[in-house]
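Chain by chain, the residues run as shown.
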Amino acid sequence: MTVKKILTAPDPFLKQISKPVDEVTKEIQDLMDDMLDTMYDAPGIGLAAVQIGVPLRVIVMDISWRNEEGIKEPLYFVNPEITVKTKNLSTYEEGCLSVPDQYAEIDRPEECEINFLDYNGKKSTLNAKGLLATCIQHEMDHLEGILFIDHLSNMKRNMIVKKLIKTKKQSKKERIVA
Ligand code: GNR
Ligand code: NI
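Now for a quick tour of the structure. Starting from 1, residues in each chain are numbered consecutively following that chain's sequence as written. Throughout, the order in which chains and ligands are written sets their labels, letters from A for the former and numbers from 1 for the latter. Under the rules for a predicted model, residues below a pLDDT of 70 receive no local features and side-chain atom pairs below 80 are neither given nor counted, while totals for whole chains, interfaces and linings still include all residues. No hydrogens and no water enter the side-chain calculation; it runs on all heavy atoms of the structure.

**Observations concerning the pattern of salt bridges**
In the sections that follow, a salt bridge refers to a side-chain nitrogen of Lys or Arg positioned within 4 Å of a carboxyl oxygen of Asp or Glu. What the rule picks out here adds up to 5 salt bridges. In this structure, Asp-34 and Lys-4 form a salt bridge, with 3.9 Å as the shortest nitrogen-oxygen distance. Taken together, the positions of Asp-34 in helix H1 (residues 26–41) and Lys-4 in the segment before H1 put the pair 30 residues apart, joining distant regions of the chain. Through salt bridges with shared partners, a single network forms among Glu-94, Arg-108 and Asp-141. Here a strand is any run of E in DSSP of at least two residues, a helix any run of H or I of at least four, and the numbering for each starts at the N terminus.

**Observations concerning the packing of aromatic side chains**
When two rings of Phe, Tyr or Trp (its six-membered ring) have centres within 6.5 Å they constitute a pair, described as stacked for plane angles under 30 degrees, edge-to-face for angles over 60, and tilted for the intermediate range. Under the counting rule described, the total for this entry stands at 2 aromatic pairs. Summarising the aromatic geometry, the rings of Tyr-76 and Tyr-119 are spaced 4.7 Å apart at their centres and angled 55° between planes, so their arrangement reads as tilted. Pair noted here: Tyr-76 is in strand S3 (residues 75–85) and Tyr-119 is in the loop between strand S6 (111–117) and strand S7 (123–129), with a separation of 43 residues, a long-range link. Working definition: with a 1.4 Å probe on protein chains only, accessible area under 20% of the residue-type maximum means buried, over 50% means exposed, and in between means partly exposed. Among the residues examined, Tyr-76 registers a relative accessible area of 17% and is labelled buried.

**Points about a positive patch on the surface**
A patch is a set of surface residues, each over 30% in relative accessible area and not in a salt bridge, joined within 9 Å for like charges and within 5 Å for the nonpolar side chains Val, Leu, Ile, Met, Phe, Trp and Tyr. We get accessible surface area from the Shrake-Rupley algorithm with a probe of 1.4 Å; when it comes to residues, only the shown protein chains can shield them. The sign given to each residue is positive for Lys and Arg and negative for Asp and Glu; His and the chain ends receive no count. Each charge is placed at NZ for Lys, CZ for Arg, CG for Asp and CD for Glu. On the surface, Lys-5, Lys-168, Lys-169, Lys-172, Lys-173 and Arg-175 cluster together into a patch of positive charge. Mapped onto the secondary structure, Arg-175 falls in helix H3 (residues 154–177). By relative accessible area, which is 58% here, Arg-175 ends up exposed.

**Some details on the coordination of the nickel ion (ligand 2)**
In this analysis a donor is any N, O or S atom within 2.8 Å of a metal ion (3.2 Å for sodium, potassium and calcium), and since water is not included, sites may seem incomplete. Looking at the nickel ion (ligand 2), the protein donor atoms are Cys-96 (SG), His-138 (NE2) and His-142 (NE2), and they sit 2.1 to 2.3 Å from it. Read N to C, the donor residues that coordinate the nickel ion (ligand 2) are spaced as C-x41-H-x3-H. Taken together, the residues span a long stretch of sequence, with Cys-96 in strand S4 (residues 89–96) and His-142 in helix H2 (residues 130–143) at a distance of 46 residues. Accessibility classification places Cys-96 together with His-142 in one group, the buried group.

**A closer look at the environment of Val-50**
Here Val-50 shows up in the loop between strand S1 (46–48) and strand S2 (58–61). Between the C-alpha atoms of Val-50 and Ile-149, which are 99 residues apart in sequence, the distance is 17 Å. Ignoring anything within four residues of it in the chain, the contact list for Val-50 reads Leu-7, Phe-13, Leu-14, Gln-16, Ser-18, Pro-55 and His-142. The contact rule is simple, with two residues in contact once any of their heavy atoms fall within 4.5 Å.

**Notes on H3**
One less than the residue count of a helix, multiplied by 1.5 Å, gives the span that helix is expected to have. End to end, H3 covers 35 Å across 24 residues, agreeing with the expected 34 Å (1.5 Å per residue, within 8%). In the core, the buried residues of H3 are packed alongside strand S5 (99–109).

**Examining the site of ligand 1**
Proximity criterion: a residue is near a molecule or strand once any of its heavy atoms comes within 4 Å of it. Taken together, Gly-44, Ile-45, Gly-46, Gln-51, Glu-93, Glu-94, Gly-95, Cys-96, Leu-97, His-138, Glu-139 and His-142 make up the full set of residues adjacent to ligand 1. At 3.1 Å, a backbone N or O of Gly-46 approaches a nitrogen atom of ligand 1. Side-chain polar atom of Gln-51 to an oxygen atom of ligand 1: 2.9 Å apart, as the coordinates give it. For ligand 1, the accessible surface in isolation is 380 Å², of which the surrounding protein chains cover 90%. Top element by residues in the shell around ligand 1 is S4. It accounts for 4 residues. The nonpolar class holds Ala, Val, Leu, Ile, Met, Phe, Trp, Tyr, Cys and Pro. Asp, Glu, Lys and Arg form the charged class, and all remaining residues, Gly among them, are polar. In terms of residue class, the shell around ligand 1 is made up of 3 nonpolar, 6 polar and 3 charged. Pairing of N or O atoms within 3.5 Å defines a polar contact, subject to two protein rules: one partner must be a possible hydrogen donor and the other a possible acceptor, and residues neighboring in sequence count only if both atoms are side-chain atoms.

**Regarding the nonpolar core**
Generally speaking, nonpolar side chains in soluble globular proteins are found buried as a group. Here, nonpolar core refers to any group of buried Ala, Val, Leu, Ile, Met, Phe, Trp, Tyr and Cys residues whose side-chain atoms link them within 4.5 Å. Counting residues in hydrophobic clusters, the biggest one holds 19 residues, and the most contacted among them are Met-32, Met-35, Val-58, Val-60 and Val-78. Listing elements by their share of this core, those giving two or more residues are H1, S2 and S3. The greatest single-element share of this core, amounting to 7 residues, is contributed by H1. When near neighbours in sequence (up to four residues on either side) are disregarded, Met-35 contacts Leu-47, Ala-48, Ala-49, Ile-52, Val-58, Ile-59 and Val-60.

Geometric values such as these leave the question of function open.
Pasting the structure below:
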């Protein structure tokens with residue numbers, strides 16, 4: 001169980017399409033454990049493997065652990081596929097661990113159905129709505145090399161990317177001084 005470094009935009013590594021997993025082996029389970037540690041540490045409610053530098057179609061999520069009760073309910077998705085999505089859209093203010101401190105309202109299908117393999121490699125189906133549906137779609141975008149800022153106008157995206165580059169340069173300088 002290890003907290004890994006999360007890659008941030010505009011790192012070109014995040015733009016690649018992640019590869020399907022052949023089989024849910026011990027290595028894949030170890031990867032999912034590390035992803036969950038990294039996600040809870042960040043803190044976030046979802047993480048795709050590519051965000052920690054592993055371009056495989058693996059996602060972990062837990063949308064409830066930051067509630068009042070704080071009970072952990074991790075979800076694991078290997079090779080997820082959206083089988084149904086509603087025409088109805090809903091809007092959420094999204095953030096991303098790979099786009100630090102930036103937020104924007106994004107429209108996505110309100111409900112969707114996902115087929116995937118679970119932590120034990122068993123075929124499974126999930127009907128998602130609300131934040132769960134938004135989050136799984138955000139994570140599945142990562143598998144295609146897409147970030148939430150790619151859903152914004154060029155102008156809004158460019159502004160955010162400029163800010164990210166500026167903060168990256170600044171923290172590099174600080175590391176040299178320190
Ligand atoms: O922690 C996260 N919060 C979040 C909020 C609204 C919509 C999507 C997300 S996912 C994000 C973690 C992340 O970057 N996953 O890829
Ligand atoms: Ni993200």
